[in-house]
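Spelled out, the chains give:
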Amino acid sequence: MPTDLCNRLQQTIGDLLPIRAKKESMPAVTEEIAFQVCLSPDCGATFGIDEILTGCPNCGSLLDAGYEWDRVAVPFSLSEFESRCGQRSRPIDFSGVWRFRELLPFAHDEQIVTIGEGQTILQQAESVAKYVGMDTGNLFLQYEGFNPSGSFKDNGMTAASTHARIVGAKMTACASTGNTSASLAIYGGITGLFQAVVFVGSGKIAYGKLSQALDYGAKTVQIQGDFDDALIAVREICNRENIYLCNSVNPFRLEGQKTIMYRVLESLSWEPPDWIVVPGGNLGNSSAFGKAFLELKQLGLIDRIPRLAVINAAGANTLYEIVNSEGIHWNDGRPQHSHIEEYMTQMDAENRRAETIASAIEINRPVNLTKCLRALSICDGIVREVSDEEILHGKAQVGAGGFGCEPASGASVAGAKRLREEGMIAPSDRVVCILTGHQLKDPNATVGYHTNNDEGSQEFANQPYVVENDIEKILELLSSFQ
Ligand code: F0G
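Residues numbered from 1 in each chain as written. Predicted model: local features only at pLDDT ≥ 70, side-chain atom pairs only at ≥ 80, totals over all residues. Heavy atoms only, no water.

Engineer: Talk me through the site of the ligand; I want residue IDs and the actual numbers.
Structural biologist: Around the ligand there are 21 residues in total, and S176, T177, G281, N282 and T436 lie nearest to it. T177 places a polar main-chain atom, nitrogen or oxygen, 2.8 Å from an oxygen atom of the ligand. At 2.8 Å from an oxygen atom of the ligand is found a main-chain nitrogen or oxygen belonging to T180. Burial of the ligand by the surrounding chains reaches 99%, relative to a free accessible area of 480 Å². Residue assignment for the shell around the ligand shows that the elements contributing at least two residues are α6 (179–191) and α10 (284–298). Broken down by class, the residue content of the shell around the ligand amounts to seven nonpolar, 12 polar and two charged. (Near = heavy atom within 4 Å. Polar contact = N/O pair within 3.5 Å; in protein donor to acceptor, adjacent residues only side chain to side chain. Areas by Shrake-Rupley, 256 points an atom, 1.4 Å probe, with all protein chains shown as cover. Helix = DSSP H or I, 4+ residues; strand = E, 2+ residues; numbered from the N terminus. Nonpolar A, V, L, I, M, F, W, Y, C, P; charged D, E, K, R; others polar.)

Engineer: Any details on the sheet that holds strand β4 (residues 121–124)? Residues and values, ideally.
Structural biologist: Pairing within the open sheet is mixed, and its six strands lie in the order β4-β5-β13-β10-β11-β12. Both outer strands of the open sheet, β4 and β12 (382–386), are each paired with one neighbouring strand and no more. Strand-to-strand, the axes of this sheet are offset by a mean angle of 25°, without reference to chain direction. Where strand β10 (residues 275–279) lies against strand β11 (residues 307–313), five bridges are found, and the strand directions are parallel. Across the sheet, V278 pairs through a bridge with V310, a residue of β11. Lying over the sheet, helix α11 (residues 318–325) contacts β11 and β12, oriented at roughly 130° with respect to β12. (Pairing = 2+ DSSP bridges. Axes fitted to C-alpha atoms, helices over the stretch in contact; angles between N-to-C directions. Contact = heavy atoms within 4.5 Å.)

Engineer: Tell me about the environment of F106, and name the residues and values.
Structural biologist: By the secondary structure assignment, F106 is in the loop between α3 (91–94) and β4. Residue class for F106 comes out buried when judged on its relative accessible area of 0%. (Buried < 20%, exposed > 50% of the residue type's maximum accessible area, 1.4 Å probe, protein only.)

Engineer: Give a description of the sheet that holds strand β9 (residues 244–245) that names residues and reports values.
Structural biologist: Read across the sheet, four strands follow the order β8-β7-β6-β9 without closing on themselves; strand pairing throughout is parallel. The strands lining the two open edges of the sheet, one partner per strand, are β8 (219–223) and β9. Bridging between strand β6 (residues 171–176) and β9 involves two bridges; their strand directions are parallel. Note that in β9 the partner of A173 across the bridge is L245. Of the strands in this sheet, β6 and β7 (195–201) are in contact with α6, which crosses β6 at around 160°.

Engineer: I'd love a proper account of the pattern of salt bridges, names of residues and values included.
Structural biologist: When the charged atoms of two side chains lie near each other, side chains of opposite charge can form a pair. By the definition in use, this model includes 29 salt bridges. R384 is paired through a salt bridge with E422; the nearest N and O atoms lie 2.8 Å apart. You can see R384 sitting in strand β12 and its partner E422 sitting in helix α15 (residues 407–422), a full 38 residues away along the chain. What makes R384 buried here is its relative accessible area of 14%. Between E421 and K417 there is a salt bridge, with its nearest N and O atoms 3.2 Å apart. Here K417 and E421 lie together in helix α15, a separation of four residues that amounts to about one turn. (Salt bridge = Lys/Arg side-chain N within 4 Å of Asp/Glu carboxyl O.)

Engineer: Give me the lowdown on the packing of aromatic side chains, citing residues and values where you can.
Structural biologist: By the definition in use, this model includes 10 aromatic pairs. Centroid distance Y131 to F460: 5.5 Å. Interplanar angle 90°. Geometry classified as edge-to-face. One end of the pair, Y131, is in helix α4 (residues 126–132); the other, F460, is in the loop between α16 (443–451) and α17 (471–479), with 329 residues separating them in the sequence. A relative accessible area of 16% means that Y131 is categorised as buried. A centroid spacing of 5.1 Å and a plane angle of 90° characterise the contact between Y143 and F403, whose relative ring orientation is edge-to-face. Of the two residues, Y143 sits in strand β5 (residues 139–143) while F403 sits in the loop between α14 (388–401) and α15, which places them 260 residues apart along the sequence. Its relative accessible area of 43% is what places F403 among the partly exposed residues. Site record: aromatic cluster; members linked through ring pairs are F81, F100 and Y262. Sitting above the plane of the Y343 ring, R352 keeps its charged end 5.5 Å from the centroid. One Lys or Arg, K417, reaches over the ring of Y131 and ends 4.6 Å from the middle of that ring. (Phe/Tyr/Trp six-rings, centres within 6.5 Å; stacked < 30°, edge-to-face > 60°. Lys NZ or Arg CZ within 6 Å of the ring centre and 35° of its normal.)

Engineer: Please give an account of the nonpolar core that cites residues and values.
Structural biologist: Counting 102 residues, the largest nonpolar core has F106 and F289 as the members making the most contacts within it. Looking at this core element by element, the count peaks at seven residues for helix α9 (residues 251–267). A125, A129, V386 and I391 belong to the second largest nonpolar core, which has 32 residues in total. (Core = buried A, V, L, I, M, F, W, Y, C linked by side-chain atoms within 4.5 Å.)

Set out below in structure tokens:
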């Protein structure tokens, strides 16, 4: 475990673990024990949680939320969190994020903003296991599309909204490929705490997602450009106007996203799986998962960290290239920044734009790149890219055998299959694929797949039948289904 990394994250956690407060002697959660800390070991500046920051003011690096863990009353066994699950009358216990609140202890109970997020499930998926090439019972799908706005983003947005409330923000903003905007819009709409302003690229957003932002009352600004352009613009606007930014550069958002891993562990009776496979876009999830596992290990709550596989779409594969072609790694907090910059400059010079059917991950400048490199180091992680065709086949398999998902989520199944074929994942490994968004987010992609008549592209298509409005002809067709 890189020492710099531990120092950055835990500050007060040493080698003798677990170092945790005695439960009876401490308040469960106080904002005084939380702070913001610069990711760079050469800077390491810390800031109060009452500051609105999306990067280190000293050196520009990303920020983490950090805690004085020796002052937090963390339960001594993870299963203590589980018992809160049934308390439907207490929103912060019912929430699949806040029932783990001692593991993201930056808010007092009464400051927490929750709309019932995180009621998601881990499902054993036999038909998908077969497709991927896993032994029976070894492939699991984590359906984050069952969140209130239909994607994993609500895990993070409840935490960002809580922090926005702590700092008294009246206006919040994000750039989005669709799901972040839907999530921010729903939190703004339901709580009435702030006006949400969402920035989307032109023509790049799936209608299911755009319809949510409009319906939930967000001010929606369409920028002429793609997501990468929109994010650069919104970061500058938020800086200049002191608007609260809810993209995943916000360290508190990632605190909420850690809980996806807590729920996976909870569903597996706290026994870590061998692999977590997740699609990579702006790399917030993968970054949050790495931090979650590092903290759990440091706190003595798990004894083994699963391996992480981050899956890029081939048309939006910056992480894949940076890690596998450019050979850039976390390097104890000192990845070769100049090399990364060169890569980005070259990308711009060639006007290489992200392009994939999985519009949610159509991103070429992932803002959490360095944090993701850290997560790969923590989790002995790897990165793969998959084609749009593989993504759609993976998605079709999920749909045929379960509750369905949007295209970006299909990347995790396609990635798991690829890793099985390579022999990287063994059939006997226990693998969890994260399904990040709901099936109804992007119906055009789904209907397009199932009705496409192009040769070879519809391997798992479930074509609709066209029949005359004639009872005999309809019955004749039905008899062919048996
Ligand atoms: N899957 C879905 C469905 C998403 O919406 C996103 C990101 C990702 C995967 C990638 O996750 O950024 O944590 O690596 N969507 C963002 C948005 C960018 O604006 O909705 P990541």
